[in-house]
Amino acid sequence: MREQEARERARNFIEVPYGYTPEEASEEASRCLNCLKPTCRSGCPVEVDIPSFIQLIKEGKFTEAAWKIKEKNALPAVCGRVCPQEIQCESMCILGKKGDPVAIGNLERFVSDYEASQGKLQMPEKPAPTGRKIAVIGSGPGGLTCAADLIRSGHEVTLFEALHKPGGVLVYGIPEFRLPKAIVEREVEYIKNLGVEVKVNAVIGKLFTIDELLGDYGYDACFIATGAGLPVFMGVPGENLNGVYSSNEFLTRANLMKAYLFPEYDTPIKRGKKVAVFGGGNVAMDSARVALRLGAEKVYLVYRRSEAEMPARKAEIHHAHEEGIEFMLLTAPLKFLDDGKGNLNSVECIKMELGEPDASGRRKPVPVKGSQFTLEIDVAIPAIGTRSNPLLTKTMPDLNLNKRGYIIADHETGMTTKPGVFAGGDIVTGSATVILAMGAGKKAARGINDYLKWKFWDTGGFVQ
Amino acid sequence: MFRISRKMELSDAVLLFEIEAHDIARKAKAGNFFVLRINEQGERIPLTIADFNKENGTITAVFQKMGKTTHQLAELGEGDSIHDVIGPLGMHSHIENFGKVICVGGGVGIAPVYPIARALKEAGNTVLSVIGARTKNLIFWEEKMREVSDDLIIVTDDGSQGRKAVVTVPVDELLSEDKSIQRVIAIGPAIMMKFVCVTTEKHQVKTIVSLNSIMVDGTGMCGACRVEVGGETKFACVDGPEFDGHQVDFNLLMARQRMYGEEEKAAFERYQITREVK
């Protein structure tokens, strides 16, 4: 897919790829072999009928192709952009064995954008109302998917969001140049049009408890999809200096609060001249690329292992390289230093080498004696993951959590240890991907439907 | 949207809003705060819930005109609306019958200390209150504070009302005279809370402070509000905002509060220029 030239895009927040033209989409679709046994489908966590929508593209029926996807997936424009297709549907494509697989993600993106550009979003038929009410807590990808599926089963659905905008990580986390916020708004609007009531500024656990929702407010079931939440810091000295941001804060300021448009928008952000991001995942790549676009002269990506061990998508690593992010591999921070006034001015690091494999199967980085060096920086962004946010769960003593504070839930149904309460996404699994949260939302919608039908709480022995 | 049902000027720089927010009023407790965003371009700022009325469904915000957002907020009137109001957030105050307590409110900090003083009084405590400000025109809620206090001492830096002193002076005297005082609650500027803590530490009386760090989401997600308490990093929004003052690193708090000094100044100047053009 054609993209903005690297040097140019590194200074703006406009989306990196341009998307297909109809001709390009048709050409790409024509590569699909329409296999007798389509393995690509089994690689999709939300069960999109991939061969059928590609067939419709081949026939030039782009809008119909979008509708075909929406039968299973309420967020096609999002998935087409941020799903790791290379380890899902596209990894199963038979063409991938000898060359490039069909670019399923790009095609998904194309048809959903095409449908929107035509201005005629098709609404599915309204099902007969069941009289049941469901509360979905958290409007990220898991919550949106679950809400969309439940409303199509005829239930009343309220989607509660703690922030002032719906979308969860899609609006606060993933940057504009990777997922334009107008696209998220479009998908949320679709879900609202299906009939889902979205309540923003609603911090469940504070404003209402789950017991109040299931009691006084008359909800028949709840789906908790609050995401992982709390930022993890590295535990090195000086981490509270001015200029050290959690990736959550840095990205939230830039994305949700639009600090890159300061002072038109009120939220400020430090525009570092020399920025170091610590970590090797997608969030680290996003943070580094945002820092670059905020005008940094130099952005270092500091990672304690080598590039081969980085958990980020290959495409994101590639984009970061192209844009001029300087990878400082096999390096770990020791401490942050300040200018005497509490402002970060440098970081002391140490070189690492890979030793024996650790519990994750990856070779464990060990410090190289005497290899300390100091790096001058004015902004530092640890992007080393998140942990569970206890804000809601601590108000639910009757809900079992694992030892890391994540909710214990059945992976097939989302059932928790508390009758009527389902959970899925990062608050169950820990940090994962948009599409896995969507998969969990889909399964929970099915679990909730079964529960409403049989009114039977069978946790199948998963409870610890 | 959240309607402003009442607006009052409490002092030269301090305003009071009653905001219609039924669900928040229902759950609010002394010590909670909320986050607001004026409009689509606005920043999220935390304000303490200075009072709440469950029947009317309102929460009371008291704020001082400081930078762009608070000045812009001050321009809103009764009947106008605030785009987003989120709460109640943070841990509420720990209220029990301690016996005898001192409540200290400095400047705009008089507002958040009021509901705590009231709750402590209702719980059976003898409440000695000290409120202070730079000058007479910045003192407010004298009567409200008197109603919930067994004794009220007013101080101003310039002596224009009450004693000419800073709040630590009467606090030190009270603690020296009366060894039965069990607890001090102090809310105000960081520098005031710091020196109240220095004073009370001398007398070894447990002191609770409410930290006004910079915040974004207010639900633990970003970590902007991190403070060091007893050598450990805590998030003021979810672990606080109240902490044991003797454990707080106030110098760090103050440094972090200054993080956006330049940006705040630029935003305010720009705002004043656009105001003049209008």
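Everything below is about the structure shown above.
All figures in this text were calculated on a predicted structure; none of them were measured in a lab.

**Digging into the overall build of chain B**
Right, so step 1: Each helix and strand counted, chain B has eight helices and 16 strands in total.
Right, so step 2: Compactness check: chain B gives a C-alpha radius of gyration of 18 Å against a globular reference of 19 Å for 278 residues, within 12% of the reference.
Right, so step 3: Once the C-alpha set of chain B is aligned to its principal axes, its extents read approximately 55 × 40 × 40 Å.
Right, so step 4: Residue burial in chain B is summarised as follows: out of 278 residues, 58% are buried.
Right, so step 5: Restricting the contact set of chain B to residue pairs at least 6 apart, pairs at least 24 apart contribute 64%.
Right, so step 6: Accessible surface for chain B amounts to roughly 11400 Å². Of this, 47% is attributable to carbon and sulfur atoms.
Right, so step 7: The average position of the 33 basic charges and that of the 39 acidic charges among the side chains of chain B differ by 1 Å.

**Focus on the interface of chain B and chain A**
Right, so step 1: Of the residues lining the interface, 45 residues belong to chain B; the matching set on chain A comes to 43 residues.
Right, so step 2: Around 3800 Å² of area is buried between chain B and chain A when both sides are counted, 52% of it from carbon and sulfur atoms.
Right, so step 3: Put simply, chain B and chain A have six salt bridges between them.
Right, so step 4: Salt-bridge contacts for Arg 26 of chain B lead to Glu 212 of chain A; the nearest nitrogen and oxygen are separated by 3.5 Å.
Right, so step 5: Where chain B packs against chain A, one counts 26 residue pairs in polar contact (both at pLDDT 80 or more).

**Digging into the packing of helix α6 (residues 190–203) of chain B against helix α7 (residues 250–257) of chain B**
Residues and elements named next belong to chain B.
Right, so step 1: Between α6 and α7, whose axes approach to 10 Å, the crossing angle comes to 180°. Comparing the axis directions of α6 and α7 gives the class roughly antiparallel. On the side of α6, the interface is formed by Ala 190, Ile 191, Met 193, Lys 194 and Cys 197, while α7 contributes Phe 250, Asn 251, Leu 253, Met 254 and Gln 257.
Right, so step 2: By residue class, the composition of the contact of α6 with α7 is seven nonpolar, two polar and one charged.

**Regarding the packing of aromatic side chains**
Residues and elements named next belong to chain A.
Right, so step 1: Taken as a whole and assessed by the stated rule, the structure comprises 17 aromatic pairs over all chains.
Right, so step 2: Judged by centre distance (5.8 Å) and plane angle (40°), the rings of Phe 110 and Tyr 114 are tilted. Of this pair, Phe 110 and Tyr 114 both sit in helix α8 (residues 104–117), four residues apart, which is roughly one turn of that helix.
Right, so step 3: Accessibility expressed as a relative area gives 23% for Tyr 114, which makes it partly exposed.
Right, so step 4: Look at Phe 278 and Phe 336: their rings are 5.7 Å apart centre to centre, the planes differ by 85°, and that puts the pair in the edge-to-face class. Taken as a pair, Phe 278 in strand β6 (residues 274–278) and Phe 336 in strand β9 (residues 331–338) lie far apart in primary sequence, 58 residues in all. Summarising the burial analysis for this pair, Phe 278 and Phe 336 share the class buried.
Right, so step 5: Among the aromatic side chains, those forming a connected cluster through ring pairs are Phe 160, Phe 208, Tyr 217 and Tyr 219.

**Thoughts on unusual backbone geometry**
Residues and elements named next belong to chain B.
Right, so step 1: The amide bond that connects Gly 87 to the next residue, Pro 88, takes the cis arrangement and shows omega of -10°.
Right, so step 2: Relative to the elements of secondary structure, Pro 88 occurs in strand β7 (residues 84–89).
Right, so step 3: A cis amide bond links Gly 240 to the next residue, Pro 241, at an omega of 10°.
Right, so step 4: For Pro 241, the location among the structural elements is in the loop between β15 (232–235) and β16 (242–244).

**Looking at the sheet that holds strand β10 (residues 151–156) of chain B**
Residues and elements named next belong to chain B.
Right, so step 1: Read across the open sheet, the seven strands follow the order β11-β10-β9-β8-β12-β13-β16; overall the sheet is mixed. Pairing within the sheet leaves two strands with one partner each, and these edge strands are β11 (163–164) and β16.
Right, so step 2: Both strand β12 (residues 181–187) and strand β13 (residues 206–210) contribute to a ladder of four bridges, which runs parallel. Counterpart to Ala 186 in the pairing with β13 is Val 209.
Right, so step 3: Of the strands in this sheet, β8 (100–106), β12 and β13 touch α6, which is tilted by about 165° from β12.

**Here's the deal with the pairing of strand β10 (residues 344–357) of chain A**
Residue and element names in this part refer to chain A.
Right, so step 1: Relative to β10, β9 runs antiparallel, the two being bridged by seven bridges. Pairing of Thr 331 across the sheet is with Lys 351, part of β10.
Right, so step 2: Counting the residues in the hairpin turn of β9 and β10 gives five residues, including Gly 340, whose phi is positive at 90°.
Right, so step 3: Both β10 and strand β11 (residues 363–367) contribute to a ladder of four bridges, which runs antiparallel. By the bridge assignment for β11, Met 352 is matched with Pro 367.

**Some remarks on the side chain of Thr 199 of chain B**
All names here are of chain B.
Right, so step 1: Inspection of the secondary structure assignment puts Thr 199 in helix α6.
Right, so step 2: At 2.8 Å, the side chain of Thr 199 and the backbone oxygen of Phe 195 are in polar contact.
Right, so step 3: Dropping the residues within four chain positions of it, Thr 199 is found in contact with Thr 168, Val 171 and Asp 172.

**Digging into the pairing of strand β4 (residues 45–53) of chain B**
Every regular strand shows the same layout, with side chains that alternate between the two sheet faces.
All names here are of chain B.
Right, so step 1: Pairing between strand β3 (residues 33–37) and β4: four bridges, direction antiparallel. Residue pairing for β4: Phe 33 is matched across the bridge by Thr 48.
Right, so step 2: Of the pairings in the sheet, the one linking β4 to strand β5 (residues 58–64) comprises four bridges and is antiparallel in character. Note that in β5 the partner of Asp 51 across the bridge is Thr 60.

**Quick notes on the side chain of Asn 242 of chain A**
Right, so step 1: With respect to the helices and strands, the residue Asn 242 of chain A is situated in the loop between β5 (229–231) and α13 (247–254).
Right, so step 2: Here the side chain of Asn 242 of chain A touches Ala 255 of chain B through a polar contact of 2.8 Å, landing on its backbone oxygen.
Right, so step 3: Residues within four places of Asn 242 of chain A in sequence aside, it is in contact with Gly 342, Asn 343 and Leu 344 of chain A together with Ala 255, Arg 256 and Met 259 of chain B.

**Brief notes about the state of the cysteines**
Right, so step 1: Under the criterion given, the structure shown has zero disulfides over all chains.
Right, so step 2: As a non-bridged cysteine, Cys 79 of chain A has Cys 83 of chain A as the owner of its nearest cysteine sulfur, 3.8 Å distant.
Right, so step 3: Unpaired in this structure, Cys 103 of chain B has its nearest cysteine sulfur neighbour in Cys 197 of chain B, at a distance of 14 Å.
Right, so step 4: With a relative accessible area of 0%, Cys 103 of chain B lands in the buried category.

**Quick word on the sheet that holds β4 of chain B**
All names here are of chain B.
Right, so step 1: Strands sit in the order β6-β1-β2-β5-β4-β3-β7 across an open sheet of seven strands; the sheet is antiparallel. Each edge of the open sheet carries a strand with a single partner, namely β6 (81–82) and β7.
Right, so step 2: Sheet topology places strand β1 (residues 2–9) next to strand β2 (residues 14–20); five bridges connect them, and they run antiparallel. In the strand pairing of β2, Arg 6 is matched with Glu 18.
Right, so step 3: Of the strands in this sheet, β4 and β5 are in contact with helix α3 (residues 110–122), which crosses β4 at around 40°.

**Quick look at the pattern of salt bridges**
Residue and element names in this part refer to chain A.
Right, so step 1: In total, this model carries 52 salt bridges over all chains according to the counting rule given.
Right, so step 2: Note that Glu 376 is salt-bridged to Lys 274, the shortest N-O span being 4.0 Å. Of this pair, Glu 376 sits in strand β12 (residues 373–376) while Lys 274 sits in strand β6, and the two are 102 residues apart along the sequence.
Right, so step 3: Owing to a relative accessible area of 55%, Glu 376 belongs among the exposed residues under this scheme.
Right, so step 4: Judged by relative accessible area, which is 29%, Lys 274 ranks as partly exposed.

Conventions adopted
Residues numbered from 1 in each chain as written. Chains lettered and ligands numbered in written order. Predicted model: local features only at pLDDT ≥ 70, side-chain atom pairs only at ≥ 80, totals over all residues. Heavy atoms only, no water. Helix = DSSP H or I, 4+ residues; strand = E, 2+ residues; numbered from the N terminus. Rg over C-alpha atoms; globule rule 2.2 N^0.38 Å. Buried < 20%, exposed > 50% of the residue type's maximum accessible area, 1.4 Å probe, protein only. Contact = heavy atoms within 4.5 Å. Areas by Shrake-Rupley, 256 points an atom, 1.4 Å probe, with all protein chains shown as cover. Lys, Arg positive; Asp, Glu negative; His and termini not counted. Charge placed at Lys NZ, Arg CZ, Asp CG, Glu CD. Buried area = accessible area lost by both parts, 1.4 Å probe. Salt bridge = Lys/Arg side-chain N within 4 Å of Asp/Glu carboxyl O. Polar contact = N/O pair within 3.5 Å; in protein donor to acceptor, adjacent residues only side chain to side chain. Axes fitted to C-alpha atoms, helices over the stretch in contact; angles between N-to-C directions. Parallel < 35°, antiparallel > 145°, perpendicular 65-115°, else oblique. Nonpolar A, V, L, I, M, F, W, Y, C, P; charged D, E, K, R; others polar. Phe/Tyr/Trp six-rings, centres within 6.5 Å; stacked < 30°, edge-to-face > 60°. Pairing = 2+ DSSP bridges. Disulfide = S-S within 2.5 Å.

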